[in-house]
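Fold and geometry: a report
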Amino acid sequence: MPRMKNELKIIPLKIKPDLLHEYTDAIQRHQQRYDVSKPSKWGDQIKLLTNMRYISEEQWDQTAPLMSFDILKYNYIYPHIDEYLATGDHYHTEHTWYNIYEDEGNQVPHYHIENHGRDKYDNDLVASGVCYLQVDDTLHREFRIYDGSPWKDGKIVNEPTQITHPKAGELYLFEPSLWHEAVQTGVGKSIVIAFNVFLI
């Protein structure tokens, strides 16, 4: 059965809190070691720290190496990607990055097809995902879905069609063409890894 274009699959992972803490600690050490901030090309609307890059590295002002998260992906995430794709095709998630949101952090509405250095005719990009490693209880966090682009003349003019409230240990899988936004308010920190799934 084909997936709906705007379908979001939310999966609670069977992962121990200690392992989540180990990953969040490693991410924060990486961020501090390499002074990871926000790519200079992003405007003030986006409030997060990220080591994300386009496929083409020279497009970025970042020099920090990416992190692989292999144990997390092979043991906890890949079985759900297998089920989500339901094709048996081989794939990779080498394009994986982390985002750290502090207090009033956010990511503006976007989608992954024509961002991330890929064009809309690239059929190798078959899924995108976010794994929530930390979401402090003191935060109100939202993952918003839009039916198409909400932008007009540089402003967000449409309302989201779905809003969810992510929790630590949850995996979100969705089509790369899904317009989505991350917004949080309150005092605290959330840490996620995000990735794209490419067929080999």
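Residues numbered from 1 in each chain as written. Predicted model: local features only at pLDDT ≥ 70, side-chain atom pairs only at ≥ 80, totals over all residues. Heavy atoms only, no water.

To continue, consider unusual backbone geometry. Positioned with a positive phi, Phe 69 is a non-glycine residue whose angle comes to about 55 degrees. Within the secondary structure, Phe 69 sits in the loop between β2 (49–50) and α2 (70–85). We note that Asp 103 has phi near 55 degrees; this positive angle belongs to a residue other than glycine. The topology assignment puts Asp 103 in the loop between β4 (96–102) and β5 (106–110). (Helix = DSSP H or I, 4+ residues; strand = E, 2+ residues; numbered from the N terminus.)

The subject of this paragraph is the confidence of the model for the chain. Mean pLDDT over the chain works out to 89, with 87% of the residues at or above the 70 mark. Of all helices and strands in the chain, the one with the weakest mean pLDDT is strand β9 (residues 155–156) (90), whereas strand β11 (residues 170–174) scores best (98). (pLDDT = per-residue confidence, 0-100.)

This part covers the sheet that holds strand β12 (residues 179–186). In a beta sheet, neighbouring strands are held together by backbone hydrogen bonds and run either parallel or antiparallel to one another. Across the sheet, which stays open at both edges, the 4 strands sit in the order β5-β12-β7-β10 with antiparallel pairing between neighbours. With one partner strand each, in any of the chains shown, β5 and β10 (162–164) form the two edges of the open sheet. For this sheet, the mean angle separating the axes of adjacent strands, direction not counted, is 20 degrees. Summarising the sheet, β5 and β12 pair through 3 bridges and their orientation is antiparallel. Bridge pairing in β12 links Asn 106 to Val 183. (Pairing = 2+ DSSP bridges. Axes fitted to C-alpha atoms, helices over the stretch in contact; angles between N-to-C directions.)

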